[in-house]
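Observations on the model geometry
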Amino acid sequence: MVSKDSCRNEIRAAIRQLSDRCLYSAAKWAGEQLVGIEQDPSNFTPANTRFQRGSSSIRRRFSTNESISTPLPSVGFSQAATPLPEEDEAIDGDFYLLAKSYFDCREYRRASHVLRDQVSKKSVFLRYYALYLAGEKRKEEEMIELEGPLGKSDAINRELVSLERDLSALRRTGAIDSFGLYLYGVVLKEKGNESLARASLVESVNSYPWNWSAWSELQSLCTSIEVLNSLNLSNHWMKEFFLGNAYQELRMHTESLAKYEYLQGIFSFSNYIQAQTAKAQYSLREFDQVEIMFEELLRNDPYRVEDMDLYSNVLYAKEACAALSYLAHKVFLTDKYRPESCCIIGNYYSLKGQHEKAVMYFRRALKLNKKYLSAWTLMGHEYVEMKNTPAAIDAYRRAVDINPCDYRAWYGLGQAYEMMGMPFYALHYFRKSIFFLPNDSRLWIAMAKCYQTEQLYMLEEAIKCYKRAVNCTDTEGIALNQLAKLHQKLGRNEEAAFYFEKDLERMDAEGLEGPNMFEALVFLATHFKTHKKFEEAEVYCTRLLDYSGPEKEKAKSLLRGIRMAQTGFPSMDLEHFPI
Amino acid sequence: MAGLTRTAGAFAVTPHKISVCILLQIYAPSAQMSLPFPFSSVAQHNRLGLYLLSLTKSCDDIFEPKLEELINQLREVGEEMDAWLTDHLTNRFSALASPDDLLNFFNDMRGILGSLDSGVVQDDQIILDPNSNLGMFVRRCILAFNLLSFEGVCHLFSSIEDYCKEAHSSSAQFDASNNNLESLTQYDQMDMENYAMDKATEEIEFQKSASGIVPFHLHTPESLFKATEGLLHTRKETLRTSKKDTEATPVACASSSTLEDTLVDESLFLRTNLQIQGFLMEQADAIETHGSSSSFSSSSIESFLEQLQNLAPELHRVHFLRYLNKLHSDDYFAALDNLLRYFDYSAGTEGFDLVPPSTGCSMYGRYEIALLCLGMMHFRFGHPNLALEVLTEAVRVSQQLSNDTCLAYTLAAMSNLLSEMGIASTTCVLGSSYSPVTSTASSLSVQQRVYILLKESLRRADSLKLRRLVASNHLAMAKFELMHVQRPLLSFGPKASTHHKTCPVSVCKEIRLGAHLISDFSSESSTMTIDGSLSSAWLKDLQKPWGPPVISQDSGSRKSSTFFQFCDHLVSIPGSVAHLIGASYLLRATSWELFGSAPMARMNTLVYATLFGDSSSSSDAELAYLKLIQHLALYKGYKDAFAALKIAEEKFLTVSKSKILLLKLQLLHERALHCGNLQLAQRICNELGGLASTAMGVDMELKVEASLREARTLLAAKQYSQAANVAHSLFCTCHKFNLQIEKASVLLLLAEIHKKSGNAVLGLPYALASISFCQSFNLDLLKASATLTLAELWLGLGSDHAKRALDLLHGAFPMILGHGGLELRARAYISEANCYLSDPSFSVSTDSDTVLDSLRQASDELQALEYHELAAEASYLMAMVYDKLGQLDEREEAASLFKMHIIALENPQDVEQNMA
């Protein structure tokens, strides 16, 4: 296990270096992890106690099984004595200082101009980085200026060509440092040269692992598990963070959870890890747990906006209106022009049934970030509610085109087409969604319903789907009931009886009652009666007698029939016998 | 829609348009002069005017010429003053040093327009009428410029810089042309005779180059230009064409005209929507025409489409093109994906303007079209059951949304599906579908359903005035009439018709009705051509008027004709119409083939190949080639056929699902049978069988063909019982899938098998049954060949029946000799000789010529076929006759021929080697 002290020292140095190079988001991330480490007892001051959350219920829950679920090779950490990031030159040049202040004022071109003749590695990196950002800024502006009627224009970062040329020259001469490699990787990625970009980024993180931006770029280039496994990464604790994130994006939630649990051993108070864990749990549909985690996260970091859209989804699913509105209000005050904030507000309105307003906010979120996946999907849901199917389909399709693995959007597409009376067409989409999430009974049930529609009436296929749903532990019990009914409809009474019995068991176990139960009891009683299994039939009949209504009468007449059949005589009127 | 889509920009100022504006300034300077400065004659001035007119017309095309190209063109138009023109043009461009100059430039442009209400116009004043074509162009440019934001002006300015830079980068060529200019100016000093002669030669040269070289180097802003560059050559080859008959007609009818009305000029974009739509239409045609043949690589178009999609993500039709492209390269998953994506985005409203969107269903999108397309896609990929399900759903949804047009198309597609795919039982299909059909349908056969569907579709198409659909439905109906005996739908009771016969007259009538499309079209051409390709038609046609302005300097009369050339190219037949007309010719050929007239079939195929071969879809063109080659093989022997096949292979083998491969196997099999190389024949048979899809009911034709050939191979190998088994099961299949015409030939084959096996009595009923089938389907040639078999069977019963056989034979002779192939004719001759020889009343010595003539004819024809078995028989008979006559030399000659054929028959491999 890597020692907390060494981690702390490494991160402290790294933050300084990263902010020297104006890699602010990486520095921010590193800072979060730094305070995430359990506090140094030496400089333990009361001011720091607010980061201590050892008493948290969640923490305890996780710490119990920590010892079991850390199968990670500690081999990686045997060489955890990674060299501390070497210190930069002690004295910064005057030009560098000026350039950095320009950079901090977001005057990128000016900054790079000031550094035009500087030779120190730090200055060179800053020059190129500033140039890159200047190009990006211009690109964004041009994108709006040139935006055509058919969407995106061909605006590009005009600095990319010269940057690639210069950086590759630097690389050839070996005068490039790990930050330069990171920038080179970013440039290559933007130019569409993914494999080279990957190589460059791997080289960068291997020589300087503390740059989270480089890891994130690398993660975005890992589109499949094969690519991820083919990366030649040297061991460092930063790699675990990377893997956790990458697994999550590849929908390997349990693996990712394991990584995070392990990391929590060191970074026990990291908000980042907690949020990531919550994300994974959300994907595993553990809503209660996720809610608790987010509540705590917000208590510790009340002005956090990141990942809060996920929290709002949880609240939405639990229909917690008040909490959702509170959350929305809070993020709105914190930063209203964040896509997450807009999304949360949209969720709130959606829960309130004000779909037009919800759409407006989702749209705003998408204005801020066109690739905001969940906003597209949620907007699709809103349009479905508003019965505007074409718009819903369009929104879902955009989500799917951004990330083809988004099973919700595929499901939404299927639903929309089914709504329009095109069940056969919808089937394709349901199949797609099931492909990405084969263990969800809801999807199977949706597909089965599609087969069951009167237009298709493909009952055999519907039965197959329901069976799959049952295997996926269908919590709502629709599948069993439907299976029984379908078999009944097809005249396969044996199978029908089997499923009715199962359904009955389930309802008994959950203490449920209702028309489904009556139906099951009546069917079973009649079924067993016709098969001359009078004892079973009687059991079901007597159960029915506990309820009032027409079923009771039915049970009575059934019982009469049973008696008659058993004795062989026309039975006397049952009314005369007290039961 | 999600509301994120935007309306398209209509008209954007581009550097090229500024060039045109500069030229317009020269053409009509604001100063008052009867003839502006550089022009030496009115004719010259007019020529520039005409040129400018064509330039402004072609401004709506997706491609714009580069500056360099423009200068080259100017040289041809401007003659001696071209140096001045180009100088002026480049100077004006280099004078634009800042965005402010652009502003001034457009202010100046305003000056060349006359005011709308200026009543008094002096005679010698040149004023651009603001309502003329040129005036409108200037006004549009000025307006578009005025709408630009400052950023827009800056972008325009930088693109002008690029525009000029491109021209300068080719400075070497530029210098060369300058030299050329100098030499041209010297011409002024020469006397006129010399000048005229030089001019003439130059003109010839120019025309050569015009036909050979791309007239316009196409220009588009940066990235799109790069993307399109690769496609230019294919684009050039592409002739305007069309879609598959019913299958893609919805696409063909797509018109972007409605877009034009709603265009809002929002900002700069690469091109206007209209232009791109037109361009994409052309690409769609190209995909259709070339299939995935070698000249047209689907990957290149794919990469281009990908780029286009990157540039314009909201241009959804790109997805449809990708779908078409994938469809033609047989990539099922990608095709499906793109099709669904297209409809998800566009809701079926973009591009499919069959129905004016005002009909009210626009709120819900028009997803029934998606179903229709999906159904046709499944059909093409050979999933009949899926296709049927989807089309059924399409019918239901179209009915719900009362989209009659789509319903008509869907019904047509459905009938097409039912008639093409072998669907044995009808109970499972159309379960809950179309109510008018299902109400009576429970007891109907597939054929009757097809008929009802077709009728229904035809009725709807007629009332909706969907002319293309009407035409293609007529063709489908003709096909149906050709293949099926018409029966009254409710045929029971004593009054039920007993006259079961196909009716060639009605086939002919339907084909003609189908071909009426062309006259319908010419009477309302204006409404049918409005698709985006119209604007690009100008560009192509520019090539033609180019030559004449140069010529016209010496004869004024020609000038008028050149002017008309501008106009009449616009009325060209749209591809889809040409395609349908072409299909009608192919159908004619097929029907003549069936009815048994070889020359008529050949003639119609030739008409098709010459008139429509280039512009039609690759699969149709392939079919025409196939027919011609088959004809060659039947009537000219294998050598010619294989030579022709080689040509066709180069052209079509890369096309997916190539029929040429099938044809090749057929020809090889036939030859192997004739040569007696049975092993080879068997192998080829197996290969043929392997080509067919394993799915039930798919590729029926191929499957029937394969087992027919298998039976024939077995027959040749003298395994009679097995051959008979195969033929029997084939007959059952044909019966199950209602393949009536194939039944006739299977029956004939059975008769042959029994004849060969020596059971003439057993063969007789089969032959008679075959004849009656042929009669009811009017298959005259097949009937003649069945009659021949019948005669042979009678002859096989003994010499008593020789007379009867001969009578039968003579009855069939006109048909056989007039239309039969080599093999059939030879067989007839030999049988005739056999009949004579076995007739006891016939004496060889007195009438030897009758027999010998026939035999000689037969052996000549068999020579071309390399059919050793029959040839041996002929020589044997000849030798016998000569022997009877006592002509020993001839007898020996015939005997040696006989020996040769027998040896060749026994050692087929040797012959193969010799051939190789």
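Residues numbered from 1 in each chain as written. Chains lettered and ligands numbered in written order. Predicted model: local features only at pLDDT ≥ 70, side-chain atom pairs only at ≥ 80, totals over all residues. Heavy atoms only, no water.

**What to know about the overall build of chain A**
- A count of helical and extended segments in chain A gives 30 helices and 0 strands.
- Counting over 579 residues, chain A shows a buried share of 53%.
- The long-range share in chain A, meaning contacts at least 24 apart out of those at least 6 apart in sequence, stands at 56%.
- Surface summary for chain A: the accessible area is close to 26,900 Å², and the carbon and sulfur share equals 53%. (Helix = DSSP H or I, 4+ residues; strand = E, 2+ residues; numbered from the N terminus. Buried < 20%, exposed > 50% of the residue type's maximum accessible area, 1.4 Å probe, protein only. Contact = heavy atoms within 4.5 Å. Areas by Shrake-Rupley, 256 points an atom, 1.4 Å probe, with all protein chains shown as cover.)

**Overview of the packing of helix α10 (residues 212-220) of chain A against helix α12 (residues 237-249) of chain A**
Residue and element names in this part refer to chain A.
- Following both chains from N to C, one finds α10 and α12 inclined at 30°, their axes separated by 10 Å at the closest point. Relative to α12, the crossing made by α10 is right-handed. When α10 is examined against α12, the residues Trp-212, Trp-215, Leu-218 and Gln-219 are found in contact with a partner set consisting of Met-238, Lys-239, Phe-241, Phe-242, Asn-245, Ala-246 and Glu-249.
- Residues that form the contact of α10 with α12 fall into these classes: 7 nonpolar, 2 polar and 2 charged. (Axes fitted to C-alpha atoms, helices over the stretch in contact; angles between N-to-C directions. Left-handed = near helix turned anticlockwise from the far one by under 90°. Nonpolar A, V, L, I, M, F, W, Y, C, P; charged D, E, K, R; others polar.)

**Digging into the side chain of Ser-162 of chain A**
- When you line up the elements, Ser-162 of chain A lands in helix α7 (residues 160-173).
- Side-chain polar atoms of Ser-162 of chain A contact the backbone oxygen of Glu-159 of chain A, separated by 3.0 Å. (Polar contact = N/O pair within 3.5 Å; in protein donor to acceptor, adjacent residues only side chain to side chain.)

**Considerations on the UniProt feature "repeat: TPR" (unreviewed entry) in chain A**
All names here are of chain A.
- Cross-referencing UniProt, the feature "repeat: TPR" (unreviewed entry) maps to residues 339-372, 373-406 and 407-440 in the present numbering.
- Span residues 339-372 is 79% helix and 0% strand, its end C-alpha atoms 8 Å apart.
- In residues 373-406, the share of helix is 79% and the share of strand is 0%. The end C-alpha atoms are 8 Å apart. (UniProt positions renumbered as here; feature names shortened; annotations may be inferred.)

**Quick word on unusual backbone geometry**
Residue and element names in this part refer to chain A.
- One non-glycine residue, Arg-285, lies in the positive phi region at around 65°.
- As for its placement among the helices and strands, Arg-285 is situated in the loop between α14 (271-283) and α15 (287-300).
- The partly exposed category is assigned to Arg-285, whose relative accessible area is 38%.
- Backbone geometry places Tyr-457, a non-glycine residue, at a positive phi of 55°.
- Looking at the secondary structure, you find Tyr-457 in the loop between α24 (441-452) and α25 (459-471).

**Describing the confidence of the model for chain B**
Residue and element names in this part refer to chain B.
- Residues with a pLDDT of 70 or more make up 67% of chain B, whose mean pLDDT is 70.
- Across residues 171-271, confidence stays below pLDDT 50; counting only partners more than four residues off in sequence or on other chains, it has 208 contacts.
- Note on the complex model: pTM 0.71, ipTM 0.73. (pLDDT = per-residue confidence, 0-100.)

**Concerning the packing of helix α18 (residues 339-351) of chain A against helix α19 (residues 355-368) of chain A**
All names here are of chain A.
- Where α18 contacts α19, the axes come no closer than 8 Å and their chain directions differ by 165°. As the angle between them shows, α18 and α19 are arranged roughly antiparallel. The element α18 and its partner α19 pack so that their crossing is left-handed. Along its contact with α18, which presents Pro-339, Cys-342, Cys-343, Ile-345, Gly-346, Asn-347, Tyr-349 and Ser-350, the element α19 presents His-355, Lys-357, Ala-358, Tyr-361, Phe-362, Arg-364, Ala-365 and Leu-368.
- Taken together, the residues that form the contact of α18 with α19 break down as 10 nonpolar, 4 polar and 2 charged. (Parallel < 35°, antiparallel > 145°, perpendicular 65-115°, else oblique.)

**Notes on the packing of aromatic side chains**
Residue and element names in this part refer to chain A.
- For the structure shown, the criterion picks out 44 aromatic pairs over all chains.
- Ring geometry for Trp-237 versus Phe-241: centroids 6.4 Å apart, planes at 75°, classification edge-to-face. Remark: Phe-241 and Trp-237 occur in helix α12; sequence separation between them is 4 residues, near one turn of the helix.
- Taken together, a centroid distance of 4.7 Å and an interplanar angle of 65° make the contact between Tyr-417 and Tyr-425 edge-to-face. Pair check on accessibility: Tyr-417 and Tyr-425 agree, each one buried.
- Here a set of aromatic residues connected by ring pairs shows up, and it is made of Tyr-24, Phe-103, Tyr-108, Phe-125, Tyr-129, Phe-179, Tyr-208 and Trp-210.
- Above the face of the Tyr-128 ring, Arg-127 is positioned so that its terminal group lies 5.0 Å from the ring centre. (Phe/Tyr/Trp six-rings, centres within 6.5 Å; stacked < 30°, edge-to-face > 60°. Lys NZ or Arg CZ within 6 Å of the ring centre and 35° of its normal.)

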